Amino acid sequence: MKTVESACWCKICGITSPEDASAVVGLGVDSIGLNFYKKSPRFITNEKAIDIVSSAENCFKVALFVDPTTEEVENVLNEVDIDGLQFHGDESKEFCEGFGKQYIKAIKIDGDSSYGALEDYHPGAWAILVDSYVQGLAGGTGKTFDWESWPKEVGRRLILSGGLTAENVAAGIRSTKPFGVDVSSGVEGVHKGIKNIELVEKFMQEIQIA
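Residues numbered from 1 in each chain as written. Predicted model: local features only at pLDDT ≥ 70, side-chain atom pairs only at ≥ 80, totals over all residues. Heavy atoms only, no water.

## Some words on the layout of surface pockets
For clarity, the threshold we go by: Cavities and pockets are defined on a 1 Å grid built over the protein atoms alone: a cavity is a set of grid points where a 1.4 Å probe fits but cannot escape, while a pocket is an open set with protein on both sides within 12 Å along at least five of seven lines, and lining residues are those with an atom within 4 Å of any such point. Grid points are joined across faces, edges and corners, and a volume is the space filled by probe spheres set on the points. Three classes are used, and their members are as follows: Ala, Val, Leu, Ile, Met, Phe, Trp, Tyr, Cys and Pro are nonpolar, Asp, Glu, Lys and Arg are charged, and the others, Gly among them, are polar.
By volume, the second largest pocket amounts to about 270 Å³. Surrounding the second largest pocket, 15 residues form its lining, Phe36, Lys38, Phe43, Phe65 and Glu72 being those nearest its centre. Grouping the amino acids of the lining of the second largest pocket by side-chain chemistry returns eight nonpolar, three polar and four charged.

Pasting the structure below:
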């Protein structure tokens, strides 16, 4: 996966159309996320994913799952040109490492959570995505968590997620100094899964000045 010297690494998750993929890649995002979790409003089929990745040749394409079976992951990898994986459920490290792809593992944080286990959490993961905990939701919550509790000394790539918008991403980066940021609902309009490209552009501008 690409690393960025001058600015935060950035992934726009929940891309659902080739048009959105082409637009956000044109704005300089490092990665896009394609959601294969069937309960998500941003779920896409393999057929649609094939069209999307063909419009996003110059960025890292990540397939997102929540407690999938081996067959479900392999089905996507066999049909779609995916660069990496992202897991948002209770998947074991052995499961996540079993597909020969770099992967991001999400961890959900609430007000009482401890970061003490992060050094040893999925040691084979390319990065850990720190997301907000909302009961019943696997991600895309639109909710922030207490950035003051962000771990300062963890020697891992940590990606800030959860409730990020163009209005707060610069503050989030200054507060947590993450390796990267991940946004989905925060750059959408009234329709989930449809990105507001003006919001994406503003989001990217805020990253640059953080």
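The structure having been displayed, the exposition proceeds.
## A closer look at the sheet that holds strand β6 (residues 127–132)
Just so we agree on the cut-off: Paired strands, as defined in this entry, are two strands with at least two bridges between them according to DSSP. Numbering goes from the N terminus for both helices and strands, where a helix is a DSSP run of H or I of at least four residues and a strand is a run of E of at least two. To obtain an axis, a line is fitted to C-alpha atoms, over the contacting stretch when the element is a helix, and the angle between two such axes runs from 0 to 180 degrees between their N-to-C directions.
Overall, parallel pairing links the eight strands, which are arranged β1-β2-β3-β4-β5-β6-β7-β8 in a closed barrel. With direction set aside, neighbouring strand axes in the sheet form an average angle of 30°. Pairing of strand β7 (residues 158–160) with strand β8 (residues 180–183) involves two bridges; the strand directions are parallel. Along β8, the bridge assignment pairs Leu160 with Val181.

## Concerning the packing of helix α5 (residues 169–176) against helix α6 (residues 197–209)
Under the convention used in this document: The crossing is said to be left-handed when, going from far helix to near helix, the turn is anticlockwise and less than a right angle, and right-handed when the turn is clockwise. Residues are treated as being in contact if the distance between any of their heavy atoms lies within 4.5 Å.
Viewed as axis vectors pointing N to C, α5 and α6 meet at an angle of 30°, and their least axial separation amounts to 8 Å. Considering the relative orientation of α5 and α6, their crossing is right-handed. Of the residues in α6, those in contact with Val169, Ala170, Ile173 and Arg174 of α5 are Phe203, Glu206, Ile207 and Ile209. Class assignment for the residues of the contact of α5 with α6 results in six nonpolar, no polar and two charged.

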